[in-house]
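One letter stands for each residue in the lines below.
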Amino acid sequence: MTVSQTPFTATVLGLPRVGPRRELKRATESYWAGRIDAVALHRVAADLREAQYAELTAAGLDSIPVGTFSYYDQVLDTAVLLGALPERVAGIADPLDRYFAAARGNDSVEPLEMTKWFDTNYHYLVPEIGPDTVFSLHPEKLLDELAEARGFGVPARPVVVGPITFLKLAKATEGAALDRLGELVPLYRELLRKLAAAGAEWVQIDEPSLVTDLTDDEIALVRSTYTELTAGEDRPAVLVATYFGDPGPALAALAGTDVEGIALDFTAPIELSAVASLPALAGKLLVAGVVDGRNVWRANLDDALTTLGTLLGSAGGVAVSSSCSLLHVPYSLEPETGLDARLRAWLAFGAEKVAEVRVLATGLHQGTEAIADELAAARAAATSRTEDPRLADAQVRARLAALGPDAARRAPADERRAVQQARLNLPPLPTTTIGSYPQTSAIRLARAALRKGEIDEAEYTARMRSEIADVVALQEKLGLDVLVHGEPERNDMVQYFAEQLDGFAATENGWVQSYGTRCVRPPILFGDVARRAPMTVDWITYAQSLTDKPVKGMLTGPVTILAWSFVRDDQPLGESARQVALAIRDETVDLQSAGIRIIQVDEPALRELLPLRAADQPAYLDWSVESFRLATSGVSDATQIHTHLCYSEFGEVIDAIAGLDADVTSIEAARSHMEVLDDLNAAGFDLGVGPGVYDIHSPRVPSVEEITVSLRAALKAVPAERLWVNPDCGLKTRGQAEVEASLANLVEAARAARP
């Protein structure tokens with residue numbers, strides 16, 4: 001078999017998998033609950049794939065990615081492909097249950113650690129590579145999906161996470177994971193042979209790690225790895241896909257090998273002239289990601305065509321593509337009938353991005369006359385957006401301009417600590433939770449009834465107050481020291497605030513996968529931001545009226561609101577952050593005025609927006625830290641400010657965490673076994689800290705002994721007077737019974753550990 005180089009012209013790099021109505025989420029959760037069996041789950045998945053293939057074929061794509069479907073996570077799928085699941089799940093006989101145990105744990109098995117996929121809001125499962133890990137090839141899933149797609153007549157292009165990216169994302173228990181690359185390359189060679197034998201003409205190998213800072217030795221590994229993978233002719237044509245940034249020197253190394261295609265993200269800052277002048281691209285297919293796969297704004301077709309035209313003479317061929325997988329955007333604008341008509345005209349979700357890819361491919365290869373109507377519509381939408389007055393609010397901009405240099409500063413931490421302890425009188429190792437409690441069926445039914453007009457606002461408020469009273473009573477019974485109101489009124493920690501802020505719009509069905517079956521509807525930030533009225537004060541003060549213990553006011557921070565929204569692309573992100581921070585600042589001041597003594601401003605997304613290149617990171621960290629401090633510095637020293645951070649490689653932003661200057665920082669640390677505390681100590685962190693003592697993303701109920709072990713580890717790094725005891729995240733997705741049992745054990749362990 002010889003290597004095929006049949007070119008294609010229009011594609012996307014990957015596909016969403018939860019279903020346009022979250023069908024896979026519901027089926028997977030039904031499987032976990034025992035309501036359906038594996039056969040029924042697989043049927044739902046197969047139906048979703050078949051419908052997706054039909055839509056993409058009808059849309060005119062002449063190469064369609066296959067294998068990007070996943071029941072949980074594509075990196076976990078790659079660990080299965082390479083026989084790299086942890087030994088602790090090996091005893092689970094059923095492959096599907098073994099897979100889910102690695103993803104989310106069970107009563108006896110801890111799950112893999114989870115962290116952010118580059119600088120996105122998607123989470124992946126971190127592979128564990130130990131000295132006893134013996135890699136072996138298990139390509140059945142990919143081969144089955146290839147055969148399925150070919151059976152439908154789909155021009156299928158199998159996709160797999162590349163060996164360099166897989167190892168750079170993995171965690172090695174000894175040495176560096178990348179040292180094991182030599183063991184993986186033969187497996188990838190064998191995989192290519194099997195895919196060729198199964199009829200694949202092209203295979204896409206995803207290597208987004210190539211857009212990060214690489215050492216000279218790592219760049220040499222890129223060259224040697226892909227030289228070896230492309231040796232011989234018993235394989236398909238190889239497309240190496242990079243995205244989220246500029247591969248820089250890795251591009252020349254890759255282009256110097258015999259790979260037949262390279263995909264680049266031209267929606268990220270990238271040196272177009274450097275790409276166009278690279279001689280090694282001659283004879284290769286350049287897959288140009290000129291349609292943004294991460295944001296929802298309509299493409300500027302004129303600019304995209306200019307980029308494509310520049311590239312056309314530089315490579316053997318040019319195909320039009322999305323910049324990355326469409327995993328990161330909603331399926332379609334079609335159901336969004338409630339959006340403002342002007343705003344809707346500026347947007348493109350997944351289906352619309354596929355159409356843009358096809359239009360651009362037509363224009364590139366047939367001339368602009370063939371797409372005259374589409375060009376006119378895109379220009380009209382761009383003009384409408386530029387002229388919209390909501391994009392520049394003079395009052396908001398004047399308030400920000402008038403802020404003095406001390407607006408983002410509080411008194412020194414030790415001074416604040418003394419006055420806060422005198423006011424709060426908390427015991428050593430105070431216990432609390434992160435904010436949310438289980439979203440019960442009663443909550444969901446009440447929200448749906450309000451949306452349908454079956455109940456009015458007064459009835460809805462009464463029902464939510466009843467839920468709050470139950471949560472406060474539960475916490476009192478359990479003996480927690482600092483309480484929360486449980487957030488029953490909130491659909492999502494970002495959407496809830498965005499719906500009450502000018503400049504944001506919410507979707508009806510714009511679901512995007514965050515991890516596993518967890519889906520969110522990111523709001524759309526389209527204009528200048530201002531708070532219309534207090535957003536949380538009534539709910540929090542009601543909860544505080546039910547107890548003498550302090551109840552935390554719960555807010556979402558400006559960086560996270562931006563990270564979990566589709567943001568404006570017409571002004572620097574730091575400017576938007578300052579606008580959101582000003583709105584949150586107004587809320588913290590109102591909460592303090594209403595008697596709330598502790599206010600938590602969550603920034604779980606602080607790390608995920610960190611630029612991938614070190615040279616770009618200081619500017620981001622400056623404005624992100626400053627925006628948090630602007631949001632939290634309007635209150636007195638006696639008001640205690642908390643924040644919460646989610647799964648991330650915290651070591652990369654440890655100075656920024658200290659720079660937030662929050663009185664207490666709670667951090668997801670259970671899956672990483674308190675490793676973050678060493679990083680904090682190395683940075684001289686001397687504020688309050690609450691490392692999560694158990695993992696809420698797993699259905700397991702942690703024992704008192706297990707939590708005690710975590711507390712002992714934490715106390716070795718943090719003195720008792722600064723240590724808080726809490727789960728590692730909110731409890732929204734957990735069941736009521738497991739929450740009560742887990743928190744009872746947490747309180748017992750904390751009391752026993754107090755000096």
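The shown structure was predicted, so the numbers you read here are calculated from the model rather than taken from an experiment.

1. Some points on the overall build of the protein chain
When you go through the protein chain residue by residue, the secondary structure sums to 27 helices and 20 strands. Computed over its C-alpha atoms, the radius of gyration of the protein chain comes to 26 Å, within 12% of the 27 Å expected for a compact globule of 755 residues. Counting only C-alpha atoms, the protein chain reaches 75 × 60 × 50 Å along its principal axes. For the protein chain, with 755 residues in total, the buried portion stands at 61%. In the protein chain, the proportion of contacts linking residues at least 24 apart, taken out of those at least 6 apart, comes to 79%. Counting only carbon and sulfur atoms, one obtains 51% of the accessible surface of the protein chain, whose full area is about 27600 Å². A gap of 4 Å separates the mean positions of the 70 positive and 106 negative side-chain charges of the protein chain.

2. Observations concerning the packing of aromatic side chains
Evaluation of the coordinates by the stated rule reveals 14 aromatic pairs. Ring geometry for Y53 versus F152: centroids 6.5 Å apart, planes at 50°, classification tilted. With Y53 in helix α2 (residues 38-58) and F152 in the loop between α5 (140-151) and β5 (156-161), this residue pair connects regions lying 99 residues apart in the sequence. A relative accessible area of 42% means that F152 is categorised as partly exposed. Taking 5.5 Å as the distance between ring centres and 70° as the angle between the ring planes, the aromatic pair formed by Y99 and F100 counts as edge-to-face. A residue is classified by how much of its surface remains accessible, and F100, at 4% relative accessible area, is buried. Through a chain of ring-to-ring contacts, three or more aromatic side chains come together here, namely Y31, W32, Y72, Y99 and F100.

3. Here's the deal with the sheet that holds strand β20 (residues 688-691)
Strand order in this open sheet of five strands is β16-β17-β18-β19-β20, and the pairing throughout is parallel. Across the chains shown, the open sheet's two edge strands, defined by having one partner strand only, are β16 (552-556) and β20. Ignoring strand direction, the axes of neighbouring strands in this sheet form an average angle of 20°. Pairing analysis gives four bridges linking strand β19 (residues 664-667) to β20, with the strands arranged parallel. Note on β20: the bridge partner recorded for S666 is G690. Sitting on the sheet, helix α22 (residues 573-593) is in contact with β16 and β17 (598-602), with an inclination near 175° to β16.

4. Regarding α22
Relative to the 30 Å expected for 21 residues at 1.5 Å per residue, α22 spans 31 Å between its end C-alpha atoms, a close match to the ideal helical length. Among the residues trailing α22, G595 stands out with phi positive, at a value near 100°.

5. Remarks on the domain arrangement of the protein chain
Per the domain assignment, the segments making up the protein chain are domain 1 (10-387) and domain 2 (418-490 + 537-753). Domain 1 and domain 2 are separated by 33 Å when their C-alpha centres are compared. Listed as interface residues are 37 residues of domain 1 and, on the opposing side, 28 residues of domain 2. Between domain 1 and domain 2 the total buried area reaches about 2400 Å² when both faces are included, carbon and sulfur atoms providing 47% of it. When the shortest N-O distance is used, the salt bridge between D213 and R613 registers 3.3 Å. Put simply, domain 1 and domain 2 have 12 residue pairs in polar contact (both at pLDDT 80 or more) between them. Going through the elements one at a time, α4 (95-104) and β2 (114-116) are the ones with two or more residues in the side of domain 1 that touches domain 2.

6. Regarding the sheet that holds strand β9 (residues 261-265)
Strand pairing in a sheet takes place through backbone hydrogen bonds and is either antiparallel or parallel in direction. Pairing is parallel in the open sheet, where seven strands are placed in the order β1-β5-β7-β8-β9-β10-β11. In the strand order of this sheet, the two ends are held by β1 (64-66) and β11 (317-322), each with one partner. Strand-to-strand, the axes of this sheet are offset by a mean angle of 30°, without reference to chain direction. Across five bridges, β9 lies against strand β10 (residues 285-291) in parallel orientation. Its bridge partner being in β10, A263 is matched across the sheet by V287. The strands touched by helix α11 (residues 301-312) are β10 and β11; relative to β10, the strand with the most contacts, the crossing angle is about 165°. Against the sheet, helix α13 (residues 350-366) touches β10 and β11, its axis set at about 160° to β11.

7. Brief notes about the pattern of salt bridges
Here the structure, examined in full by the defined rule, presents 42 salt bridges. The salt bridge involving E29 is made with K25; its shortest N-O contact spans 3.0 Å. With a gap of four residues between them, E29 and K25 both fall in helix α1 (residues 23-32), about one helical turn apart. For D340, the salt bridge is made with R390, and the minimal N-O distance between the two is 3.3 Å.

About the thresholds
- Every chain is numbered on its own, with residues counted from 1 as its sequence reads.
- Whole-chain, interface and lining totals are the exception, using all residues; otherwise, since this is a predicted model, local features are given only for residues with pLDDT of at least 70 and side-chain atom pairs are given and counted only at 80 or more.
- Side-chain metrics in this entry use all non-hydrogen atoms of the structure; hydrogen atoms and water are not considered.
- Here a helix means four or more residues in a row that DSSP labels H or I, a strand means two or more in a row labelled E, and each is numbered from the N terminus.
- Atoms counted for the radius of gyration: C-alpha only. Globule rule: 2.2 Å times the number of residues to the power 0.38.
- For every residue, the accessible area obtained with a 1.4 Å probe (protein chains only) is divided by the maximum for its type, and the residue is called buried under 20%, exposed over 50%, and partly exposed between those limits.
- Whether two residues are in contact is decided by their heavy atoms, any of which lying within 4.5 Å being enough.
- In these tables, accessible area is a Shrake-Rupley quantity obtained with a 1.4 Å probe, and a residue counts as shielded only by the protein chains included in the view.
- Charged-residue counts in this description rest on Lys and Arg as positive and Asp and Glu as negative, His and the chain ends being excluded.
- A charged residue contributes its charge at one atom only: NZ of Lys, CZ of Arg, CG of Asp or CD of Glu.
- Think of it this way: a Phe, Tyr or Trp ring, Trp meaning its six-membered ring, pairs with another when their centres are within 6.5 Å, and the plane angle makes it stacked under 30 degrees, edge-to-face over 60, tilted otherwise.
- By this definition, two strands are paired if DSSP reports at least two bridges between them.
- Angles run from 0 to 180 degrees between N-to-C directions of axes, and those axes are lines fitted to C-alpha atoms, restricted for helices to the stretch in contact.
- An expected span of 1.5 Å times one less than the residue number is assigned to each helix.
- Where each domain begins and ends follows an automated or database-derived domain assignment.
- Defined here as a combined quantity, buried area equals the accessible surface (1.4 Å probe) lost by two parts on assembly, summed across both.
- Just to be clear on terms, a salt bridge is a Lys or Arg side-chain nitrogen sitting within 4 Å of an Asp or Glu carboxyl oxygen.
- For the purposes of these results, a polar contact is taken to be a pair of N or O atoms within 3.5 Å, where, inside protein, one atom must be able to donate a hydrogen and its partner to accept one; residues adjacent in sequence count only when each atom of the pair is a side-chain atom.

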